[in-house]
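Summary of structural features
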Amino acid sequence: MITRFIGRQLQHSKKSILLLGPRQVGKSTLIESLTPDMSVNLASEEEFLKFTTNPSELEARMDELAPTTVFIDEVQRLPSLLNTIQVLIDRNKKIKFFLSGSNARKLKRGSANLLPGRLFNYRIGPLSCLEFDFKLDSVRALELGSLPEAYTIQRDDAEKLLRSYTATYLQEEILADSLTRQIQGFSRFLKTAAENSGRFLDFSKMASQAKVNRSAARRFYELLEDTLICDRVEAFPSEQLDLVKHPKYFFFDNGIVNGVLGNFKASADRRGLLLEHLFFNQLKNTSYCLDQDILIYHFRTRNGLEVDFVVEYNGQQYLIEVKSSSPSASELKPLLAAQVYFPPATKCFVACLKTENKKVNGIRILNWQEVIK
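Below is a short write-up of the structure. Residue numbers restart at each chain and count upward from 1, following the sequence in its written direction. Selection of residues for local features in this predicted model requires a pLDDT of at least 70, selection of side-chain atom pairs for listing and counting requires 80 or more, and totals for whole chains, interfaces and linings are taken over all residues. Side-chain descriptors were evaluated using all non-hydrogen atoms of the structure, hydrogens and water having been removed beforehand.

1. Observations concerning the pattern of salt bridges
One side-chain nitrogen of Lys or Arg within 4 Å of one carboxyl oxygen of Asp or Glu is enough to make a salt bridge. Following the criterion strictly, the structure yields 18 salt bridges and no others. Between K50 and E46 there is a salt bridge, with its nearest N and O atoms 3.7 Å apart. Pair noted here: K50 and E46 are both in helix α3 (residues 45-53), with a separation of 4 residues, about one helical turn. What makes K50 partly exposed here is its relative accessible area of 35%. If you follow the salt bridges from partner to partner, you end up with E143, R155, E159 and R163 in one network. Elements are defined by DSSP. Helices are runs of H or I of four residues or more, strands are runs of E of two residues or more, and each kind is numbered from the N terminus. Burial here depends on accessible area, computed with a 1.4 Å probe over protein chains only, as a share of the maximum for the residue type. Under 20% is buried, over 50% is exposed, and the range in between is partly exposed.

The following block contains the structure:
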């Protein structure tokens, strides 16, 4: 098993934990590795029914076992249980709960008690290059992503796993969200969303391509965000510059994008966009590992000047272009032109799939993992 970087923080936290992340990123495996005294898996229908029919089930089990650490998996399936957990924490300050969830929508819309002052919130994504000492297999990650199981098993099995993720997601998240009558429309929309991932979020265009109405497209996309499948990248905030304000969005893992599309080849025509996905997600996954805040924006002026990412981290700004190969002099022009709109201390990078590390006109050209490092 690959050791997850955030595990130590969870283990030594003085408060209870709510760990959020998409399905199959390893939440349950990580928390079980911390050897909690008692575990409840609400993803199991049998367990779920026991807890829904008996509001005192958790207290009864804890009275019997007297645990000091309790793991409750997929807690969003029963948000009302958080009220009981608050009472138990207030009653006994030594009890520590590990809660996991993959659907922020159900917690938000269920007006769940998120235990203010009693919980530390953490996020976890697929495997981070940090967890491989910045030696992640780039080609494999481009094509199969970095979900723990998909990254570590044979390629044929990984492709089958990633294809089946869509079916599992549709069944467990969509059907459970009362969208049964719209399952065909959502299936079309999911493929459309994967095809447009990494581009500007345009509900009218996506609705037309998926053959659904615009309000359905918006609702379907919000469901993808709430279930942590997609992340939105807002435009860089500026009142002085005439910037394109539309957000972009990315699926959380390359393997999932490729699984939805049924195409696992990082061919020349796809490699640039797939690398942009990989870089964005690895930047995000690494920040989750370190439990550190990072802001990521896109930058595009109305006259077409564009930089892939503007990153704000630890008081420093970075302009980052992502290229599958070492850039030519003309390909550096957007970064050089964009620099004038930012403070002199702003650092500029080109993150490449393959390159000799070098510096040109103040711009550092590095392997993409070196940029994240």
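2. A short note on helix α11 (residues 203-210)
Of all the residues in α11, the buried ones are F203, M206, A207 and A210. Take α11 and look down its axis: the buried residues cluster within an arc of 100°, on one side only. Polar contact is the term for a pair of N or O atoms within 3.5 Å; when the atoms are in protein, one must be able to donate a hydrogen and the other to accept it, and sequence-neighboring residues count only if both atoms are side-chain atoms. For α11, the N-terminal capping position is held by D202, with its side-chain oxygen 3.2 Å away from the main-chain nitrogen of S204. Backbone geometry just downstream of α11 places K211 in the positive-phi region, at approximately 60°. As used here, the arc is the angular range of directions from the helix axis to the C-beta atoms.

3. Notes on the side chain of E321
Considering the arrangement of structural elements, one finds E321 in strand β10 (residues 316-325). Judged by relative accessible area, E321 falls into the buried class, the value being 6%. Of the polar contacts made by the side chain of E321, one reaches the backbone nitrogen of D308; its length is 2.7 Å.

4. As for the pairing of strand β8 (residues 295-300)
Paired strands, as defined in this entry, are two strands with at least two bridges between them according to DSSP. Of the strand pairs in this sheet, β8 and strand β9 (residues 306-313) are connected by 5 bridges, and their pairing is antiparallel. Counterpart to F299 in the pairing with β9 is V307. Linkage of β8 to β9, two consecutive antiparallel strands, is achieved through a turn of 5 residues, within which G304 is found at a positive phi near 100°.

5. Regarding the environment of G262
Along the chain, the position of G262 falls in the loop between α13 (254-261) and α14 (268-290). Along the sequence, G262 and L162 sit 100 residues apart, while their C-alpha atoms lie 9.1 Å from each other.

6. Considerations on the side chain of Q76
Locating Q76 in the fold gives a position in the loop between β3 (69-73) and α5 (81-91). Here Q76 falls in the buried class, since its relative accessible area comes to 2%. Polar side-chain contacts of Q76 include one of 3.2 Å to the backbone nitrogen of S102.

7. Topic: the packing of aromatic side chains
Between rings of Phe, Tyr and Trp, where Trp is taken as its six-membered ring, a pair exists when centres lie within 6.5 Å; planes separated by under 30 degrees are stacked, by over 60 edge-to-face, and by other angles tilted. All told, the structure shown has 17 aromatic pairs when counted by the stated rule. With 6.3 Å between their ring centres and 45° between their planes, Y165 and F252 make a pair best called tilted. Taken together, the residues span a long stretch of sequence, with Y165 in helix α9 (residues 155-174) and F252 in the loop between β7 (248-251) and α13 at a distance of 87 residues. Looking at Y165, the relative accessible area reads 5%, which means it is buried. Using a relative accessible area of 2% as the deciding quantity, one classes F252 as buried. When the ring of F280 is compared with that of F309, the centres are 6.0 Å apart and the planes differ by 20°; the resulting orientation is stacked. Of this pair, F280 sits in helix α14 while F309 sits in strand β9; the two residues are 29 residues apart in sequence, bridging distant segments of the chain. In this pair, the class of F280 matches that of F309, namely buried. Taken together, F236, Y297, F299, Y341 and F342 form an aromatic cluster joined through their ring pairs. Here, a charge over a ring is recorded when the distance from Lys NZ or Arg CZ to the ring centre is within 6 Å and its angle to the ring normal is within 35 degrees. Across from the ring centre of Y151, 5.9 Å away, lies the NZ or CZ of R140, which sits over that ring.

8. A few points about the packing of α11 against helix α12 (residues 214-226)
Here an axis means a line fitted to C-alpha atoms, over the contact stretch when the element is a helix, while the angle between two N-to-C directions is reported on a 0 to 180 degree scale. Direction vectors running N to C along α11 and α12 enclose 100°, while the axes themselves pass 8 Å from each other. When the axes of α11 and α12 are compared, the pair comes out roughly perpendicular. The segment α11 lies against α12, with F203, S204 and A207 engaging R214, A217, R218 and Y221. Any residue that is not Ala, Val, Leu, Ile, Met, Phe, Trp, Tyr, Cys, Pro, Asp, Glu, Lys or Arg is counted as polar, Gly included; the first ten are nonpolar and the last four charged. Across the contact of α11 with α12, the residue classes break down as 4 nonpolar, 1 polar and 2 charged. Note on terminology: angles under 35 degrees are roughly parallel, angles over 145 are roughly antiparallel, angles of 65 to 115 are roughly perpendicular, and the others are oblique. The contact definition used throughout considers only heavy atoms, calling two residues in contact when any of these lie within 4.5 Å.

Treat this as a map of the structure, not an account of what it does.
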